[in-house]
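Results of the structural survey
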Amino acid sequence: MTVQAHIASLERKHGALEEELQAILASPSADDREIAELKRRKLLIKDEMQRLKASTRH
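Residues numbered from 1 in each chain as written. Predicted model: local features only at pLDDT ≥ 70, side-chain atom pairs only at ≥ 80, totals over all residues. Heavy atoms only, no water.

Here's the deal with the overall build of the chain
The line we're drawing: Secondary structure counts use DSSP, requiring at least four H or I residues in a row for a helix and at least two E residues in a row for a strand, with both numbered from the N terminus. Computation of the radius of gyration draws on C-alpha atoms alone. For the globule rule, the value is 2.2 Å times the number of residues to the power 0.38. Burial classes follow relative accessibility: with a 1.4 Å probe on protein chains only, a residue under 20% of its type's maximum area counts as buried, one over 50% as exposed, and anything between as partly exposed. We call two residues in contact when some of their heavy atoms are within 4.5 Å. Per-residue and other accessible areas follow the Shrake-Rupley method at a 1.4 Å probe size, with only the shown protein chains counted as cover for residues. His is not counted here, nor are the chain ends, while Lys and Arg score as positive and Asp and Glu score as negative. Lys charges are placed at NZ, Arg charges at CZ, Asp charges at CG and Glu charges at CD.
Within the chain, the regular secondary structure consists of two helices and zero strands. Relative to the globule expectation of 10 Å for 58 residues, the C-alpha radius of gyration of the chain, 14 Å, shows a markedly less compact shape. Buried residues in the chain amount to 21% of all 58 residues. Relative to all contacts within the chain whose residues are 6 or more apart in sequence, the contacts with residues 24 or more apart total 64%. Accessible area for the chain stands at about 4,300 Å²; split by element, carbon and sulfur atoms hold 54% of it. A distance of 6 Å separates the average location of the 11 positive side-chain charges in the chain from that of its 10 negative side-chain charges.

Here we look at the pattern of salt bridges
Note the cut-off: Salt bridges are defined as contacts in which a side-chain nitrogen from Lys or Arg sits within 4 Å of a carboxyl oxygen from Asp or Glu.
Per the counting criterion, the structure on display carries five salt bridges. K53 serves as the salt-bridge partner of E11, at 3.4 Å between the closest nitrogen and oxygen. Here E11 is found in helix α1 (residues 3-26), whereas its partner K53 is found in helix α2 (residues 32-56), with 42 residues between them in sequence. Owing to a relative accessible area of 39%, E11 belongs among the partly exposed residues under this scheme.

Some details on the packing of α1 against α2
The test is simple: Angles here are taken between N-to-C directions and fall from 0 to 180 degrees, while the axes themselves are lines fitted to C-alpha atoms, restricted in helices to the stretch in contact. An angle below 35 degrees is treated as roughly parallel, one above 145 as roughly antiparallel, one from 65 to 115 as roughly perpendicular, and anything else as oblique. Here a crossing is called left-handed whenever its near helix is offset anticlockwise from the far helix by less than a right angle, and right-handed whenever the offset is clockwise. Classification convention: Asp, Glu, Lys, Arg as charged; Ala, Val, Leu, Ile, Met, Phe, Trp, Tyr, Cys, Pro as nonpolar; all other residues, Gly among them, as polar.
Two elements in contact, α1 and α2, have axes separated by 9 Å at closest approach and are oriented at 160°. As far as their axial angle goes, α2 and α1 are roughly antiparallel. With respect to the hand of their crossing, α1 and α2 are arranged in left-handed fashion. By residue class, the composition of the contact of α1 with α2 is 12 nonpolar, four polar and 11 charged.

Examining α2
The α-helix advances 3.6 residues per turn, and as a result positions three or four apart in sequence lie on the same side. Note the threshold: Every helix has an expected span of 1.5 Å times one less than the residues it contains. Between N or O atoms, a polar contact is any pair within 3.5 Å; within protein, one atom must be a potential hydrogen donor and the other a potential acceptor, and residues adjacent in sequence are included only when both atoms are from side chains.
With 25 residues, α2 ought to run about 36 Å at 1.5 Å a step, and its terminal C-alpha atoms sit 36 Å apart, in line with that. By the burial criterion, the buried members of α2 are I35, L38, K42, I45, M49 and L52. Of the surrounding secondary structure, the elements contacted by the buried residues of α2 are α1. N-cap assignment for α2: the residue whose side-chain oxygen lies 3.2 Å from the backbone N of R33 is D31.

In structure tokens, the structure reads:
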């Protein structure tokens, strides 16, 4: 997998997590632990995307 393809894959995963997070936040019975876990996973993916993008600029 090329770096660009990997970044694109991570962007799709990040978007899917965002959609899932928004659905949970819209629910009246939102679980704080689940919300925190989704946010943590999104942040890890975002950090990885930034790292990969920075490595391709060199």
